[in-house]
Amino acid sequence: MFGFKSSNFTTLIVGLFVAYVLHTCWVMYGIVYTKPCVSPKTHNCIKPYLAGNPRIQLSIYTSTKSSVTDGANLNLMLTIDHFDVNFKFERDVNVSLPKKTRSNGTLYTHMFLHHVGMLPWHDSKHVYAIGHLTTYMIPKPEEINLITGETSSQEAVTETKGPEQPVAHWRSRLTINIMADNFTFDGSALPADVHRYLKLMQHEKTVQYLPILFVDELSNRVRDLKIINGTSGTLPLTICYDAISLGKLRFWTHMQEAVYSLQQFGFTEKDVDEVKGIFVDTNLYFLALTFFVAAFHLLFDFLAFKNDITFWRRKKNMVGMSTKAVLWRCFSTLVVFLFLLDEKTSLLVLIPAGVGAIIEVWKVKKALKITVKCHGLKPVFQFGTFDESEKKTEEYDTQAMKYLSYILYPLCFGGAVYSLLNMKYKSWYSWLINSLVNGVYAFGFLFMLPQLFVNYKLKSVAHLPWKAFTYKAFNTFIDDVFAFIITMPTSHRLACFRDDVVFLVYLYQRWLYPVDKTRINEFGESYDEKDTKKKLHKE
């Protein structure tokens, strides 16, 4: 209506994408790079206290209180004399739980870095940090074998708590870091994210900063949590320490703030855990590569979505299109969405899956020519009629599904029986959804074959949305690369590879059945007419 064409819109989106990537790179560079003090002899420079190799000690206490002023209400958990900040270690300790913590209370850990031979609260140069040893989360439902009735081993929850109420969980790992870089800060350009961690002191004519003690909250994962009940007198805790660089420290503080913001917006511990896994399970260089790949993945997803919607909006008939394949995509997308909903997956994954399911339902409406009319409050569904060309395509589609059913049905039935006998699920609904998802995951590529059969019978591929296919193929290739770089199950790697094989067959059919430039397509125009319109538009 305003003369803004689709090609211009695509160019705008790509331009915004490039600007976003460049801006993100600049922001990331500003985070990991800190300007050092140019002239260390000036009064504006802040030097590290650790450069003088002081004799320091690490002391870790537990308490049910979040703030302490002296040694009252503190229980010593671990102390390390003559602590070396560059020495990486991992210690296992048993922590005694107070009665308040066993009754669904919170337990804190208080960490001090201070001089050897002095109590932390008597040392004016001590460094302090606090962490949580407990967190609150809804316990995982009990799983049973639907045939034998055998339950999975789960720790009992106290009777005073309902099944849908958050209960205290024990964090079995505590990760702490100290910034060990011999870095001299410029007082006039001190980063705000580091400033709140700095404790400054005057030493003769220079200003020094005490060691930066940092509690790594990103390393606290859901898989390390254990339910605390009234019988838990002591619980094991693994204390991990490693030195951290200034760049990683600044990056980690930003990520922790982002995770905290998600929690404030109502995201659950499980939702946040998936975000943590992105940063914790990969190193920083691979994380940067993942960002670029994910950004392009998002761009290709958007372009595929845009072209797919455009194609189906303009489509007037189903000549050359497999209706069975459209129905299968709709069914498989809905199954995956219900599976994610049953598993209480993160909203970051659940919402896009739900939107995709709605789009696939809309495609089914277009493919079956369904119209909805309301007579009062009662909706009436009407199905459109198919012409002779569409009926011919439907015959080929039905013939392909007949051959395919000889292989598909026994495989799906065998897989469902195997999962029923060997797996444990929360309910029959969970078993049904998991069985359907496994079928979609394992045999989903078989439903791509009817479209190949229709192409073979019609000796044409002109009816397919090739732009959307191409963008989806780019994303599949990206998934292939990461499936082999990252340690993934063999079934997932084969799932990525099989989609590539089917797309290569599509490409072979496109070469085998070249598009006739003079042929009228399903939109009522030929390629020659399109070229003529483009030339007139340029003139």
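Residues numbered from 1 in each chain as written. Predicted model: local features only at pLDDT ≥ 70, side-chain atom pairs only at ≥ 80, totals over all residues. Heavy atoms only, no water.

Q: Any details on the sheet that holds strand E8 (residues 167–171)? Residues and values, ideally.
A: Pairing is antiparallel across the open sheet formed by three strands, whose spatial order is E7-E8-E14. Either end of the sheet is taken by a strand with one partner, and the two such strands are strand E7 (134–137) and strand E14 (225–227). If you compare each strand with its neighbour and ignore which way they point, the axes differ by 45° on average. Bridge count between E8 and E14: three bridges; the pairing is antiparallel. By the bridge assignment for E14, His169 is matched with Ile227. (Pairing = 2+ DSSP bridges. Helix = DSSP H or I, 4+ residues; strand = E, 2+ residues; numbered from the N terminus. Axes fitted to C-alpha atoms, helices over the stretch in contact; angles between N-to-C directions.)

Q: I'd like a rundown of the packing of aromatic side chains, residues and numbers included.
A: If you walk through the whole model with that rule in mind, you get 16 aromatic pairs. When the ring of Phe112 is compared with that of Tyr128, the centres are 5.1 Å apart and the planes differ by 40°; the resulting orientation is tilted. Note that Phe112 is positioned in strand E5 (residues 108–115) and Tyr128 in strand E6 (residues 127–132), a separation of 16 residues in sequence. Sitting over the face of the ring of Phe89, Arg91 holds its NZ or CZ atom 5.4 Å from the ring centroid. (Phe/Tyr/Trp six-rings, centres within 6.5 Å; stacked < 30°, edge-to-face > 60°. Lys NZ or Arg CZ within 6 Å of the ring centre and 35° of its normal.)

Q: Could you give an account of the sheet that holds strand E2 (residues 56–63), with specific residues and numbers?
A: On the basis of which strands lie adjacent, the open sheet formed by four strands has the order E3-E2-E5-E6 and antiparallel pairing. Two strands bound the open sheet, and with one partner strand each, they are strand E3 (75–80) and E6. The average angle at which neighbouring strand axes cross in this sheet is 20°, direction not considered. For E5 and E6, the ladder comprises six bridges, and the chain directions are antiparallel. Bridging from a neighbouring strand, Tyr108 pairs with His132 of E6.

Q: I'd love a proper account of the packing of helix H4 (residues 246–264) against helix H5 (residues 269–280), names of residues and values included.
A: Put simply, H4 and H5 touch, their axes get as near as 10 Å, and they point 160° apart. Taken together, the axes of H4 and H5 are roughly antiparallel relative to one another. Considering how the two elements wind past one another, H4 and H5 form a crossing that is right-handed. Where H4 abuts H5, its residues Phe251, Trp252, Met255, Val259, Leu262 and Gln263 lie against Glu269, Val272, Val275, Lys276 and Phe279. Here the residues of the contact of H4 with H5 sort into eight nonpolar, one polar and two charged. (Parallel < 35°, antiparallel > 145°, perpendicular 65-115°, else oblique. Left-handed = near helix turned anticlockwise from the far one by under 90°. Contact = heavy atoms within 4.5 Å. Nonpolar A, V, L, I, M, F, W, Y, C, P; charged D, E, K, R; others polar.)

Q: Let's hear about the environment of Trp312: which residues, and what values?
A: Within the secondary structure, Trp312 sits in helix H6 (residues 284–314). For Trp312, a relative accessible area of 3% corresponds to the buried category. When the C-alpha positions of Trp312 and Lys363 are compared, they lie 7.1 Å apart, and in sequence the two are 51 residues distant. Sequence-distant contacts of Trp312, defined by excluding residues within four places in its chain, comprise Met318, Met321, Val326, Trp362, Lys363, Lys366 and Ala367. (Buried < 20%, exposed > 50% of the residue type's maximum accessible area, 1.4 Å probe, protein only.)

Q: Tell me what's going on with the side chain of Asp216, and back it up with residues and numbers.
A: Looking at the element boundaries, Asp216 is found in the loop between strand E13 (213–215) and E14. Buried charge without a partner: Asp216 forms no salt bridge, and the closest opposite charge is Lys248, 6.4 Å away. One polar contact links Asp216 to Ser219, side chain to side chain, over a distance of 2.7 Å. At 3.0 Å, the side chain of Asp216 forms a polar contact with the side chain of Trp252. Once residues within four sequence positions are removed from consideration, Asp216 is found in contact with Thr175, Asn177, Trp252 and Gln256. (Lys, Arg positive; Asp, Glu negative; His and termini not counted. Salt bridge = Lys/Arg side-chain N within 4 Å of Asp/Glu carboxyl O. Polar contact = N/O pair within 3.5 Å; in protein donor to acceptor, adjacent residues only side chain to side chain.)

Q: So what's going on with H5? Which residues, and what values?
A: Here H5 is twelve residues long and its end C-alpha atoms lie 15 Å apart, about the 16 Å a rise of 1.5 Å per residue gives. Every buried residue belonging to H5 is among Glu269, Asp271, Val272, Asp273, Val275, Lys276, Gly277 and Phe279, and all of these are buried. (Expected span 1.5 Å × (residues − 1).)

Q: Help me get a handle on unusual backbone geometry, residues and values and all.
A: Trans is the prevailing form of peptide bonds, just as negative phi is the prevailing case for residues other than glycine. For Lys369, which is not glycine, the phi torsion reads 55° and is therefore positive. Residue classification places Lys369 among the partly exposed residues on the basis of a relative accessible area of 22%. At Lys459, a position not held by glycine, the phi torsion is positive, near 55°. Relative to the elements of secondary structure, Lys459 occurs in the loop between helix H11 (449–458) and helix H12 (466–485).

Q: Let's hear about the pairing of E2: which residues, and what values?
A: Within E2, eight of the eight residues are buried, leaving the element largely enclosed by the surrounding structure. Pairing between E2 and E3: five bridges, direction antiparallel. Along E3, the bridge assignment pairs Leu58 with Ile80.

Q: Describe the nonpolar core, naming the residues involved and giving the relevant values.
A: Among the nonpolar cores identified, the biggest contains 34 residues, and Phe83, Trp170, Leu237 and Ile239 are the most heavily contacted of them. With four residues, the single largest contributor to this core is strand E15 (residues 234–244). Discounting chain neighbours no more than four positions away, the residues touching Phe83 are Ile56, Gln57, Leu58, Phe89, Leu113, Ile178 and Tyr241. Ile46, Ile244, Phe267 and Val272 belong to the second largest nonpolar core, which has 23 residues in total. (Core = buried A, V, L, I, M, F, W, Y, C linked by side-chain atoms within 4.5 Å.)

Q: Summarise the pattern of salt bridges; cite the residues concerned and give the values.
A: This model, assessed by the stated rule, comprises six salt bridges. The closest approach of N and O atoms between Glu217 and Arg171, which form a salt bridge, is 2.9 Å. Of the two residues, Glu217 sits in the loop between E13 and E14 while Arg171 sits in strand E8, which places them 46 residues apart along the sequence. Residue class for Glu217 comes out partly exposed when judged on its relative accessible area of 22%. When its relative accessible area of 8% is taken as the criterion, Arg171 is described as buried. As a salt-bridge pair, Arg250 and Asp193 come within 3.1 Å of each other at their nearest N and O atoms. In this pair, Arg250 sits in helix H4 while Asp193 sits in helix H3 (residues 192–195), placing the two residues 57 residues apart along the sequence. Looking at Arg250, the relative accessible area reads 8%, which means it is buried.

Q: Lay out the environment of Lys392 in plain terms, naming residues and giving numbers.
A: Relative to the helices and strands, Lys392 is located in helix H9 (residues 388–422). As a C-alpha pair, Lys392 and Gly320 span 72 residues in sequence and 8.9 Å in three-dimensional space.

Q: Before we move on, can you summarise a nonpolar patch on the surface with the specific residues and values?
A: Together, Trp26, Val27, Tyr29, Val32 and Tyr33 line one region of the surface with nonpolar side chains, adding up to about 540 Å² of accessible area. Along the chain, Trp26 falls in helix H1 (residues 6–32). (Patch = residues over 30% accessible without salt bridge, like charges linked within 9 Å, V, L, I, M, F, W, Y side chains within 5 Å. Areas by Shrake-Rupley, 256 points an atom, 1.4 Å probe, with all protein chains shown as cover.)

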